[in-house]
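Letter by letter, the chains look like this.
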Amino acid sequence: MKIQDLLNKKVMLLDLQATTKEAAIDEMINSLVDNGVVTDFDVFKAGIMAREAQTSTGLGDGIAMPHSKNAAVKEATVLFAKSNKGVDYESLDGQPTDLFFMIAAPEGANDIHLAALAELSKYLMQDGFADRLRQVTSADEVIEAFNIGEEEAQAEEAKKAANELGYPVLVRPSYVLGGQGMRIAVSDEDVEEYIGVINQIAQEHPILVDKYLMGKEIEVDAVCDGEDILIPGIMEHIERAGIHSGDSISVYPAKSISPKITEMIADYTGRLARALHVKGMINIQFIVYNDQVYVIEVNPRSSRTVPYISKVTGIPIVKLATKVITGAKIRDLGYEPGLQKAADYYAIKMPVFSFEKIRGADISLGPEMKSTGECLGISKSFDEALYKAFEGAGIRLPKHKQIIMTLADKDKQDGIDIAQRFEALGYKIYASRGTAKVLKENGVHAIQVNKIGQEAPTLLDLILEHKIDLVIDTPENGIERAKDGFLIRRYAIETGVHCLTSLDTAHALISSLEHAFNNQELSIVDIAEIDNRGNN
């Protein structure tokens, strides 16, 4: 069949219904297998279907970028190169899809085969890829040309998705453990850099771009028997969404959410557990944003917060879940389903970090988990529980009653209250030029100090002189182009100075210090005596 005759068949598939289209694609792939053009039906089809996939993580609308790195596409390009003999490129009029279409069409293909192949070729060929193929003659050169362009193509698709959703967005791999590879992007430049970071580890699934909502993060552990659900309690993170749950300070019972939001979370937890047919434990992370509840993720398993919530509620979650898995019902175990009454105590789970042992690591917190442990503070007073948790994590102030504040532009106004409260407790505040200007305009007696590299004394000089108790340094969103912030945070940790990168954490710390200033004695709580510890 002549090239032009083949090309004229490409429009046929557009009129087919979805089911007919998939059947035609299946038939076409089988034909390609029979003719030796494709070696693996499942891999080839999975690659094609993945390029149309879209998904959502619940953080608003999510977009799955077509996965240009899958084995099907690479296989097709290699096969193309092997067939690249005597091609009249000029007759193709520069159409990227025509190039693959012409070469891959097997002898004797019928109209449905040809139409399906035309459809497949649209997904196999990336914009501009045909132009690169015109320069190569071997399979190895095709792979090289493909690899050079695929990250660039991914970045372009990601930037398009990000602009559709609106910045900021979360760029991440499909499957994540500990938040590895997750980044918050605020510009096209961020997206380009983060795609490169993610691709340092081979990706077998699409890279996702999600809308990022800076709301209040809520976490729930529950036990479901397939019908009824037991929710021991609702936990609230002090830091806003965007910091990994393992690195956030967690509060039980949730302190700031309304009865309406509490009811919605309990309802959503039950509906999700039943829809997923869970029998055992389930962990769900939510975001409360603009008085609405969104789902970040649902894990039908245990989580790191199970021991914590079991201790402070007295409900033996693991024991109950084990019995439920083996057929028991929640009501038969002596518990009334639903959200349980809140305990009389506040319990604060505080992350513990080991940054001083990891040279060169940036201590700023984000979607990737960096903590190496945790501790617990319990009291009937929220501020006292918070103070105990900070003490347990090794943050013991004051020594010199001197702190450094260097705040991102977006944080300067929120930082005024923190500075005023530290000053009221007798702290001397040093600050970078922009931060000092805002603080002085609002009545804080901040001392302006030069940046690194300027005339001494600089912020770094103060840290190295061991005269500072605390550094509050909030990085700008996205890629941090200036290196001063990183150096300040690193030297602070390496000289034993506590460093906070979230104003939410700083608010919590000053609240705990105010409590300690007004209350010299700490209460003692025996966890074993907390009511409702089940013996079932």
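Everything below is about the structure printed above this text.
Definitions and cut-offs
Residues numbered from 1 in each chain as written. Predicted model: local features only at pLDDT ≥ 70, side-chain atom pairs only at ≥ 80, totals over all residues. Heavy atoms only, no water. Pairing = 2+ DSSP bridges. Helix = DSSP H or I, 4+ residues; strand = E, 2+ residues; numbered from the N terminus. Contact = heavy atoms within 4.5 Å. Axes fitted to C-alpha atoms, helices over the stretch in contact; angles between N-to-C directions. Left-handed = near helix turned anticlockwise from the far one by under 90°. Nonpolar A, V, L, I, M, F, W, Y, C, P; charged D, E, K, R; others polar. Buried < 20%, exposed > 50% of the residue type's maximum accessible area, 1.4 Å probe, protein only. Phe/Tyr/Trp six-rings, centres within 6.5 Å; stacked < 30°, edge-to-face > 60°. Lys NZ or Arg CZ within 6 Å of the ring centre and 35° of its normal.

Enquirer: Account for the sheet that holds strand 14 (residues 428-431), with residues named and values stated.
Expert: Across a sheet, paired strands are connected by hydrogen bonds in the backbone, their directions being either parallel or antiparallel. With parallel pairing, the five strands of this open sheet are ordered in space as 15-14-13-16-17. Looking at the sheet topology across the chains shown, the edges are occupied by strand 15 (447-448) and strand 17 (498-500). Strand direction decides the pairing type here: strand 13 (residues 402-406) and strand 14, joined by four bridges, are parallel. Following the sheet pairing, Met 405 is matched in strand 14 by Ala 431. Contacts from helix 14 (residues 412-424) reach strand 13, strand 14 and strand 16 (470-473), with the element oriented near 170° to strand 13.

Enquirer: Run through the environment of Ala 342, naming residues and quoting values.
Expert: If you trace the backbone, Ala 342 turns up in the loop between strand 10 (338-339) and strand 11 (346-352). Each C-alpha atom, one on Ala 342 and one on Gly 233, is 6.6 Å from the other, the two residues being 109 residues apart in sequence. Apart from residues no more than four positions distant in its own chain, Ala 342 is found in contact with Tyr 252 and Pro 253.

Enquirer: Lay out the packing of helix 14 against helix 15 (residues 433-441) in plain terms, naming residues and giving numbers.
Expert: Remark: helix 14 packs on helix 15, axes separated minimally by 10 Å, with the N-to-C direction vectors making an angle of 65°. Helix 14 and helix 15 meet at a crossing whose hand is right-handed. Residues Lys 412, Gln 413, Gly 415, Ile 416 and Ala 419 of helix 14 form the contact with helix 15, whose participating residues are Gly 434, Thr 435, Val 438 and Leu 439. Its residues placed into classes, the contact of helix 14 with helix 15 shows four nonpolar, four polar and one charged.

Enquirer: Any details on helix 13 (residues 382-392)? Residues and values, ideally.
Expert: Of all 11 residues in helix 13, eight are buried; the element is thus mostly enclosed. Among the residues of helix 13, those classed as buried are Phe 382, Glu 384, Ala 385, Leu 386, Tyr 387, Lys 388, Ala 389 and Phe 390.

Enquirer: Describe the packing of aromatic side chains, naming the residues involved and giving the relevant values.
Expert: Counted under the stated rule, the structure contains three aromatic pairs. On the basis of an interplanar angle of 75° and a centroid distance of 5.6 Å, the ring pair of Tyr 346 and Phe 382 is categorised as edge-to-face. Of this pair, Tyr 346 sits in strand 11 while Phe 382 sits in helix 13, and the two are 36 residues apart along the sequence. With 5.2 Å between their ring centres and 85° between their planes, Phe 422 and Tyr 427 make a pair best called edge-to-face. In this pair, the class of Phe 422 matches that of Tyr 427, namely buried. Stacked on the ring of Phe 382, the Lys or Arg Lys 255 has its end atom at 4.7 Å from the ring centre. Positioned above the aromatic ring of Tyr 345 is the side chain of Lys 380, whose terminal nitrogen or guanidinium carbon lies 5.5 Å from the ring centre.

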